[in-house]
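Spelled out from the first residue to the last, the chains are:
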Amino acid sequence: MGTGSSFIRHNHDHYEEDDVLGDYENQGPGVYKRIPIEVKPRGKLGKNKTKFGSFGRKEPKGGSLQSALSVDLENPEVERIRKEFEMYRLNKEQEIANMKKKEQKFETENKRLRAELQALQKTCNTLRAQRDAALDAEQQTLARAETFENERDKIQRQFKIFRETKEGEIQNLLKAKRELETKLSKVSRDNGDSDTSSKGELDLIIGAGNPGDWWTALESEPSLGSTSQLPTFKGPEFAHSTMEMDGPFTNVNKDDWNVVAATLAQLSTAIPDTSASNTIRLFISAPQDMQAEMDILKQDYLENLKGQIEGEGRFLVTIHFSEQGTQQYTTQEMIVLEASIKQQIEQCTLFLAFLGESTNRFTRFEYEQGYLQNPGSRPSIFCFRDTGQRSSNSKVRELRDLIQRSSSVKMVEHYTTPEDGTTKAFTELERIIHIELGIDNKQDKSDSDSGFVDMEGPEQLCGGGLWDIHSDYEQLEALSYAAMSSCQLTFERHYERLNQHVMSAGPLPPILISGSSGSGRSLLLAKWIQLQQQKGSNGSLIVYHFVGNPDSCSADPFQMIRRLTNQLMQHVTAPPALTCDPGRLIDEFPRWLEKVSSKTPGGVILVLDSIDKFQNGEVHLKWLLDPLPVDSRVIVSVHEDTCPQAWRSWPTINLESLSNKNVKELLRAELTSVNAPISMEHENRILTHCRTQETCNPLYVMLMTCDLSRCNSENVESRVNQIVETDNCVDLYVMLLDNMRHKHETSTTRGLFKKVLRYIYAARTGVGEWELFSILHDLTWNFWAPLASDLMNRQILAYRSGVVIIAHEQAREAISINCFVDNEEAQLEEIWKVYVQYFTQFLSCNIIMPCSSSIAPHQTAFLRPGQVTCRIADELPWLLKQLNGKDEMHQCIVNLCIFQRLYGRGRCAELINYWQFIGADKVTMANAYFSMTKMFEGMVGQFDGMVTLPRIADTYEALGRFLRDLGLLEKALEPLQRALELRMTAMDPDHPSVAQSSHQLAGLYAQWNKFSTAEDLYKQSLEIYENAFGSEHYLVAKELDSLSILYQKQDRHELADPLHKRAVAIRKKYKGPRVNSGQMKGVDPLRRRALRLEELAMGPDSHDLARTLNELGVLYYLQNNSETAEQFFQRSLDMRLNTLPESHPDIAQSLNNLAGLYVDRNHYDKAESLYEQALDIRLKHFPPESPSVASVVKHLAILYKKQGKLDKAEPLYQQAVEIREKSFGVNHPSVATALVNLAVMYSQQNKHGEALPLYERALKIYEESFGPNHPRVAETLRNLALLRYDLGDYEIAAHLYKRAEEIKDCLPANYREGQGRSSSSGDTVSTIKIPPAVHAQFYGNSTHIR
């Protein structure tokens, strides 16, 4: 066969028969053939053409078509190709078949997956629908919750208003009732023969509700075999019963507690500045001829007096104005100087005057201001030298006569030599100082020698106490100073915003008050706090902190947190010791905030001013960024330029500058208030000037008006010209400083103005006036007093905690500009060196070193007990740090007195920071302090006997506690062990101080997980306390709690629970009011001071002094100091027995108080006779149904019951029922309570027949008064069930018991948990404990009945 080209048809079809090979008419070579329809045999091929086979082989000529087109089938190559082709075909067919199978499989899988996908899509659509429905439901729920919260808050506010209204009405009714009873008693007594004074005193006692009687309510009575009592609740009974309203602890009647609480509040707010300040200001008036007395006093006595005052944590400032140099004063200058003298006398604590044969130009004025115009306003001592003849000076004679005619002043007369007069004056000064500070030498000495001081912080080796440990008085002064300004324009809307924030529900972030310097941030906060305190703050607890200079202690965040934590701890029962570890303080504060806010009715309001001034405040106040407790609100203020970015997201109140209208109103109001108006022209110039933000700043406006108000009419024009040239507060301050420098400096005092301000500027926390006068020897009171008055009036300086500080940041910047002209750093460094030299002199001394001491000689230059004050501890280390004196810093902070001063006030973070500054770690610090204490141990008896073994033991213990708080347990072990060894050596092994050391050491071992050793030490402490104070002392409860916690850590709950219950029982008995410890510590010295003043004024025995002794005994009782309270009660009773008739009601009061104290201490025999005497006396003066008689009856009944004298208790309980029936009516719940108490008494005597009708009558009254499901009903049913059981009425008993249990199950959880507490009435609905067998029988009988 040929190729396809062989079958090409030619255009000409006349060649049909033959094939023609070759060219044909130029068509090219090839074969042109017509393929016939029917194949016929061919003829011969062309002659000139060669014939080829189909595979290129030559064919012989004459071959047929079959031979030409055929293939040689026997060729092996063809066979091979055929086989290969066949195999290839089979393989491909197999592959095709496999592919078809896979295709079918994939199609099947695809169908399955498609079905699953469709199912998943359906499920997803269903879930989407459910999610949308859930979101809709959530939105609806949130909307309903918000509506509910709004309604709840609305109802709470309405209920609160309703409750307060009703409580006010109830109090008014009670007050009216008491007044009617008083009038009735008075009318009945008027018919007798009582004398007038007794009547007046009796009226006072009755009308005041027995304010001095501290045990006028029945304490809880135990029931038959049970101590469980009804829970505390308020009902109609307690709203109308004056005898049943308890105070916050068991033995104090509520009315009496209200009186003492009011007294405490008055004392806290009415404490004079001289008593609340840490400085004693002594004003000395002495003419020139008394200079000898002045010199002797300064050289020989004032240092002694200063040491005694510093021993109480305070400072002495001596003020004396000299006549020298005043001869050239103008009239105006003398007026200014006399105004300064008057101001200093008004601020002074003591007034001392020496007078000889002459006076000076100030003497008469000083006598008038110091005593004559206001006798008795301050302790005054007048010393008159006797020259042997009558003075020829008429002024001297007149002054002496005026003073001698007075009967309430101390005079030192008839002395002839300055030494004698000065000695007598010092004796009187010392005595008055002791009265002012509440110092009792004998008592203090005995306490010191005992070595046992149950207080926070170590017993001071440095020979003095600590004033204002937690800086509470400092913050109180800061609040008062911040609220002094009268610039409150536009504050009303800010008050409303703050009130809304406080009243809003739910957890809220802090609210931020932002503004520039002088915009009134501190003023706004201070005024708002005072408004909240005046309104009572809706039951909220307000704690606040104001930050001063960024370098001051108030800017230490750890100190702030510690102070606020201490305040919060006062509102919980038995708070733990306050740690000094900075990390723990930061971590625990939010938990304390949450705990106290949840228990306080109105929550806790935390106010922090200028928190951007805190050192690393953004780091240490991170807890502000966390969610705050629900019941706490935080208000903070910051400078708008230094506010961290993280705080800017909080709700913000922006304080803007005053408008021009506000400036005008403020300018006119301030100038009119001091009667110093200015002309309209000057006013317009000032208002035109006050157009910018800086000149409309509230501080700028206040400074401007203050300065204008003190200008003379001639100087107003020049002063206005100066004011309009200033652009901001700093410029205005600079202008004021320049004017005051020209006003006060003279040729003899040139340069002193700037020198004084430089020293104040360079100090860390301010400078004391006694320090200024010691450093600047050319400074006199004639110069300083008028200057200080001017600087403080213009808000440049201020008094804070007895020292002089710079009042505002802008004033500090102005002093820097005005007083440090060139090279401020070098001048500051020189001043710091002077300060270091001044403070160091109180540390250095010569010490007899023991040979075995390991302390290097260069370290001993800074050891001087008894001379280191808090001022030195505050300033000296900081000054050395500024001077970069690391060696000097090490010698300073290794001083044990510096350590105790800082540690005693919780400044541990600052102390650690100083050690880090010198490159030392905590271990090095611990070793240094231990070595120094060990060295002091070898100095016992030195320093005038100040170094004693008990004080060394206290120092060891303080060091151990400090190191334990820091987590250095191994380092804390040795000092705590040494403290225990020293106390056991120096004192009796059973002394309470030994128990105190054992307790501290046990706490260390417990923290170390060495429980067996800790258990032994706790048991040792417990045994000592029980032997020393009895088994029901609060220190015993403290050890029981410690042991209980130790057992709980070991999962030994069977041992822990009984100890905890016993401790709770003791604390309930000794429970006192939740009064701030700082407040109590402040009141106690004032009470002692009042006592000594009364002794001084009225002699040893008087009625008023006996009343003060009684109140002082109460204060000691509130502090759980029953031993001291007993002494004062006994002394008050003895004094009343000596000064009053034997049946006077006040004697009954003292008898009642002393008896209540004996009952607390389980001295029942002593208490019985006292109660009986008190009852006899009160029955002579009051009707039998009066509250005074009823209270003694109840107490005496309880006492008889405790003693088992049921025959004596029975008539008293019967009398109590009769009293209540007469007072409240026969169906009053109070009568039911008395009936139950009487029924319990009959049950104890097995008089079941007499007890049954009493129970049934009480049950009926309770059901009618409180309803059938009240807890009182349940408890009465339980008692009645047991009585029925004893009578054999088992079915009735089971029915009653079942009903009681059903009522109990329906009660809220707080009622069920409250079982065992006494009711607020002080009465007892005695509950009878059902024995298990009887309990089972009750339930068995109940099922039988069903």
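Every value quoted in this text rests on a predicted model; they were computed, and no experiment measured them.

## Some words on the overall build of the chain
Thought 1: When you go through the chain residue by residue, the secondary structure sums to 53 helices and 14 strands.
Thought 2: Expressed as a percentage of its 1346 residues, the buried residues of the chain come to 50%.
Thought 3: Counted over contacts in the chain with a minimum sequence separation of 6, partners at least 24 positions apart contribute 73%.
Thought 4: Of the accessible surface of the chain, which amounts to about 63,900 Å², a share of 51% is contributed by carbon and sulfur atoms.

## Quick look at the pairing of strand β13 (residues 797-800)
Thought 1: As defined by bridge partners, β13 adjoins strand β14 (residues 803-806) across four bridges and the pair is classed as antiparallel. The residue bridging Leu797 from the neighbouring strand is Ile806, located in β14.
Thought 2: Between β13 and β14, which pair antiparallel in sequence order, lie two residues; one of them, Ser801, sits at a positive phi of approximately 60 degrees.

## Considerations on helix α43 (residues 1122-1139)
Thought 1: Relative to the 26 Å expected for 18 residues at 1.5 Å per residue, α43 spans 25 Å between its end C-alpha atoms, a close match to the ideal helical length.
Thought 2: Three or more residues of α43 are buried, namely Ser1122, Thr1124, Ala1125, Phe1128, Phe1129, Ser1132, Leu1133, Met1135 and Arg1136.

## Observations concerning the pairing of strand β4 (residues 315-319)
Thought 1: For β4, the buried fraction is high: four of the five residues fall into the buried class.
Thought 2: Read as a crossover between parallel neighbours, the route from strand β3 (residues 279-285) over helix α7 (residues 291-311) to β4 is right-handed.

## Focus: the packing of aromatic side chains
Thought 1: Within this structure, the stated rule accounts for 30 aromatic pairs.
Thought 2: Considering the side-chain rings of Phe589 and Trp623, the 5.0 Å spacing of their centres and the 65 degrees angle between planes classify their relative orientation as edge-to-face. Here Phe589, found in helix α17 (residues 582-599), pairs with Trp623, found in the loop between α18 (617-620) and β11 (632-639); they are 34 residues apart in sequence, far enough to count as distant.
Thought 3: The exposure class of Phe589 is buried, given its relative accessible area of 1%.
Thought 4: Ring plane angle 15 degrees and centroid distance 6.1 Å describe the contact between Tyr835 and Phe839, whose orientation is recorded as stacked. Note that Tyr835 and Phe839 are positioned in helix α28 (residues 824-840) at a spacing of four residues, about one turn of the helix.
Thought 5: On the accessibility criterion, Tyr835 (2% relative accessible area) is buried.
Thought 6: With a relative accessible area of 1%, Phe839 lands in the buried category.
Thought 7: Among the aromatic residues, ring-to-ring pairing joins Phe283, Phe321, Phe351, Tyr367, Tyr371, Phe382, Phe384, Phe773 and Trp781 into one connected group.

## What to know about the side chain of Ser1044
Thought 1: Relative to the helices and strands, Ser1044 resides in helix α39 (residues 1034-1049).
Thought 2: Assessed through its relative accessible area of 1%, Ser1044 is described here as buried.
Thought 3: Those residues in contact with Ser1044 that sit more than four places away from it in its chain are Ala1056, Leu1059 and His1060.

## What about the nonpolar core?
Thought 1: One finds Trp784, Tyr835, Trp915 and Phe962 to be the most contacted residues of the largest nonpolar core, which totals 175 residues.
Thought 2: The residues contacting Tyr835, other than those within four sequence positions of it, are Tyr759, Ile760, Ala762, Ala763, Val767, Ile775 and Leu879.
Thought 3: In this structure, Leu1112, Val1189, Val1192 and Tyr1200 belong to the second largest nonpolar core, which totals 71 residues.

## Here's the deal with the sheet that holds strand β7 (residues 410-415)
Backbone hydrogen bonds are what pair the strands of a sheet, in a parallel or an antiparallel way.
Thought 1: Read from one edge of the open sheet, five strands run β4-β3-β5-β6-β7, paired in parallel fashion. Each having just a single partner strand, β4 and β7 make up the two edges of the open sheet. Across the sheet, the axes of successive neighbouring strands diverge by a mean angle of 15 degrees, strand direction being ignored.
Thought 2: Pairing of strand β5 (residues 350-355) with strand β6 (residues 380-385) involves five bridges; the strand directions are parallel. Along β6, the bridge assignment pairs Leu355 with Phe384.
Thought 3: Lying on the sheet, helix α9 (residues 363-372) is in contact with β3, β5 and β6; it crosses β5 at an angle near 145 degrees.

## So, a negative patch on the surface
Thought 1: Taken together, the side chains of Glu694, Asp727, Asp731 and Glu813 present a region of like negative charge at the surface.
Thought 2: What makes Glu694 partly exposed here is its relative accessible area of 42%.

## So, the confidence of the model for the chain
Thought 1: When the pLDDT values of the chain are averaged, the result is 77; 76% of them are 70 or greater.
Thought 2: Per-residue pLDDT stays below 50 along residues 1324-1346; that stretch engages in 64 contacts with residues further than four places along the chain or on separate chains.

## Let's talk about the environment of Trp467
Thought 1: Along the polypeptide, Trp467 turns up in the loop between α12 (441-450) and α13 (472-482).
Thought 2: Separated by 334 residues in sequence, Trp467 and Ser801 place their C-alpha atoms 9.8 Å apart.

## Points about the sheet that holds strand β12 (residues 652-654)
Thought 1: One open sheet accounts for five strands, arranged β9-β10-β11-β8-β12; its pairing is parallel. A strand with exactly one partner marks an edge of an open sheet, and here the two such strands are β9 (541-546) and β12. Mean inter-strand twist for the sheet, computed between neighbouring axes without regard to direction, equals 15 degrees.
Thought 2: Taken together, the six bridges between β9 and strand β10 (residues 604-609) define a ladder with parallel strand orientation. Note on β10: the bridge partner recorded for Val543 is Leu606.

## Observations regarding the pattern of salt bridges
Once their charged atoms are close, side chains differing in charge can pair, the charge on each being opposite to the other.
Thought 1: Applying the stated criterion to the full structure yields 51 salt bridges.
Thought 2: In this structure, the salt-bridge partner of Glu116 is Arg112, at a minimum N-O distance of 2.6 Å. With Glu116 and Arg112 both in helix α2 (residues 76-190) and four residues apart, this pair spans about one turn of that helix.
Thought 3: A relative accessible area of 40% means that Arg112 is categorised as partly exposed.
Thought 4: Notably, a salt bridge pairs Glu1256 with Arg1284, separated by 3.0 Å at the nearest N-O pair. Taken as a pair, Glu1256 in helix α49 (residues 1248-1266) and Arg1284 in helix α50 (residues 1271-1287) lie far apart in primary sequence, 28 residues in all.
Thought 5: Judged by its relative accessible area of 16%, Arg1284 is buried.

## Quick look at helix α19 (residues 660-673)
Thought 1: When the terminal C-alpha atoms of α19 are compared, their 20 Å separation across 14 residues agrees well with the 20 Å that a helix rising 1.5 Å per residue should span.
Thought 2: All of the buried residues in α19 are Asn662, Val663, Leu666, Leu667, Glu670 and Leu671. The buried residues of α19 occupy an angular sector of 145 degrees when the element is viewed end-on, so they sit on one face. α19 presents Lys661, Thr672 and Ser673 as exposed residues on the side facing more than 90 degrees away from its buried surface.
Thought 3: Where α19 is buried, its residues touch α20 (680-689) and α21 (698-709).
Thought 4: Positioned one or two residues after α19, Asn675 has a phi angle of 55 degrees, which is positive.

## Some words on the environment of Cys870
Thought 1: Position of Cys870 among the secondary structure elements: in helix α29 (residues 870-882).
Thought 2: For Cys870, a relative accessible area of 13% corresponds to the buried category.
Thought 3: Setting aside residues up to four positions removed in sequence, Cys870 forms contacts with Leu466, Arg901 and Arg905.

## Quick notes on the packing of helix α37 (residues 992-1007) against helix α38 (residues 1011-1029)
Thought 1: Where α37 meets α38, the closest approach of the two axes is 8 Å, and the angle between their N-to-C directions is 160 degrees. Considering the angle they form, α37 stands roughly antiparallel to α38. The chirality of how α37 crosses α38 is left-handed. Of α38, the residues touching α37 (which contributes Pro992, Val994, Ala995, Gln996, Ser998, His999, Leu1001, Ala1002, Gly1003, Tyr1005 and Ala1006) are Phe1011, Thr1013, Ala1014, Leu1017, Tyr1018, Gln1020, Ser1021, Ile1024, Tyr1025, Ala1028 and Phe1029.
Thought 2: Taken together, the residues of the contact of α37 with α38 break down into 15 nonpolar, seven polar and no charged.

## Re unusual backbone geometry
Thought 1: The backbone phi angle of Asn884 is positive, close to 60 degrees, even though this residue is not glycine.
Thought 2: Within the element layout of this structure, Asn884 appears in the loop between α29 and α30 (886-893).
Thought 3: Even without glycine at this site, Asn1246 takes up a positive phi of about 60 degrees.
Thought 4: Here Asn1246 is to be found in the loop between α48 (1229-1244) and α49.
Thought 5: Judged by relative accessible area, Asn1246 falls into the exposed class, the value being 60%.

## As for the packing of helix α31 (residues 896-904) against helix α35 (residues 949-965)
Thought 1: Contact geometry for α31 and α35: axes closest at 11 Å, N-to-C directions at 55 degrees. With respect to α35, the axis of α31 lies oblique. Remark: the crossing between α31 and α35 carries left-handed chirality. Across the interface between the two elements, Leu896, Phe899, Gln900 and Tyr903 from α31 touch Thr955, Ala958, Leu959, Arg961 and Phe962 from α35.

## A short note on the state of the cysteines
Thought 1: In this structure the tally under the stated criterion is zero disulfides.
Thought 2: Cys690 takes part in no disulfide bond, and the closest cysteine sulfur to it belongs to Cys696, at a distance of 5.6 Å.

The rules we used
- Residues numbered from 1 in each chain as written.
- Predicted model: local features only at pLDDT ≥ 70, side-chain atom pairs only at ≥ 80, totals over all residues.
- Heavy atoms only, no water.
- Helix = DSSP H or I, 4+ residues; strand = E, 2+ residues; numbered from the N terminus.
- Buried < 20%, exposed > 50% of the residue type's maximum accessible area, 1.4 Å probe, protein only.
- Contact = heavy atoms within 4.5 Å.
- Areas by Shrake-Rupley, 256 points an atom, 1.4 Å probe, with all protein chains shown as cover.
- Pairing = 2+ DSSP bridges.
- Expected span 1.5 Å × (residues − 1).
- Right-handed = clockwise from strand over helix to strand, strands pointing away.
- Phe/Tyr/Trp six-rings, centres within 6.5 Å; stacked < 30°, edge-to-face > 60°.
- Core = buried A, V, L, I, M, F, W, Y, C linked by side-chain atoms within 4.5 Å.
- Axes fitted to C-alpha atoms, helices over the stretch in contact; angles between N-to-C directions.
- Patch = residues over 30% accessible without salt bridge, like charges linked within 9 Å, V, L, I, M, F, W, Y side chains within 5 Å.
- Salt bridge = Lys/Arg side-chain N within 4 Å of Asp/Glu carboxyl O.
- Lys, Arg positive; Asp, Glu negative; His and termini not counted.
- Charge placed at Lys NZ, Arg CZ, Asp CG, Glu CD.
- pLDDT = per-residue confidence, 0-100.
- Arc of directions from axis to C-beta.
- Parallel < 35°, antiparallel > 145°, perpendicular 65-115°, else oblique.
- Left-handed = near helix turned anticlockwise from the far one by under 90°.
- Nonpolar A, V, L, I, M, F, W, Y, C, P; charged D, E, K, R; others polar.
- Disulfide = S-S within 2.5 Å.

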